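Analysis of the macromolecular model
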Amino acid sequence: MELVARRGEKEERFKFREDFVGFSGTQDEDVDVTNAEIVFVGYGIVAPEQKWDDYKGVDVAGKVL
């Protein structure tokens, strides 16, 4: 499996388990995120007691995190 990220004419390829690990959080066998916008949010940590929120100020609606 491979993740291909494109922006304009530039393309980067990432190998599953070597370069990235991803999961959908659903019970579906296949999930298609073709042409989806990807947003980097660190590890997605929300820890108010540490004054830490990876999602603060980031619009994640309809996007792949």
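Please refer to the structure higher up on the page.
Notes on the structure in this doc start here. All of these numbers come straight from a predicted model, not from anything done at the bench.

Within the fold, R17 resides in the loop between β2 (10-15) and β3 (46-47). Classification of R17 as exposed rests on a relative accessible area of 69%. Distance from R17 to E2, taken between C-alpha atoms, is 9.4 Å for residues 15 residues apart in sequence.

Turning our attention to the packing of aromatic side chains. If you walk through the whole model with that rule in mind, you get one aromatic pair. Between F16 and F20 the ring centres are 5.5 Å apart and the planes differ by 70°, which places this aromatic pair in the edge-to-face class.

This part covers the pairing of strand β1 (residues 2-7). Two faces make up the sheet, and in a regular strand the side chains alternate between them. As defined by bridge partners, β1 adjoins β2 across six bridges and the pair is classed as antiparallel. Residue pairing in the sheet places R6 in a bridge with E11 of β2. Taken together, β1 and the strand that follows it, β2, pair antiparallel across an intervening segment of two residues, in which G8 is found at a positive phi of about 65°.

Thresholds applied
- Residues numbered from 1 in each chain as written.
- Predicted model: local features only at pLDDT ≥ 70, side-chain atom pairs only at ≥ 80, totals over all residues.
- Heavy atoms only, no water.
- Helix = DSSP H or I, 4+ residues; strand = E, 2+ residues; numbered from the N terminus.
- Buried < 20%, exposed > 50% of the residue type's maximum accessible area, 1.4 Å probe, protein only.
- Phe/Tyr/Trp six-rings, centres within 6.5 Å; stacked < 30°, edge-to-face > 60°.
- Pairing = 2+ DSSP bridges.

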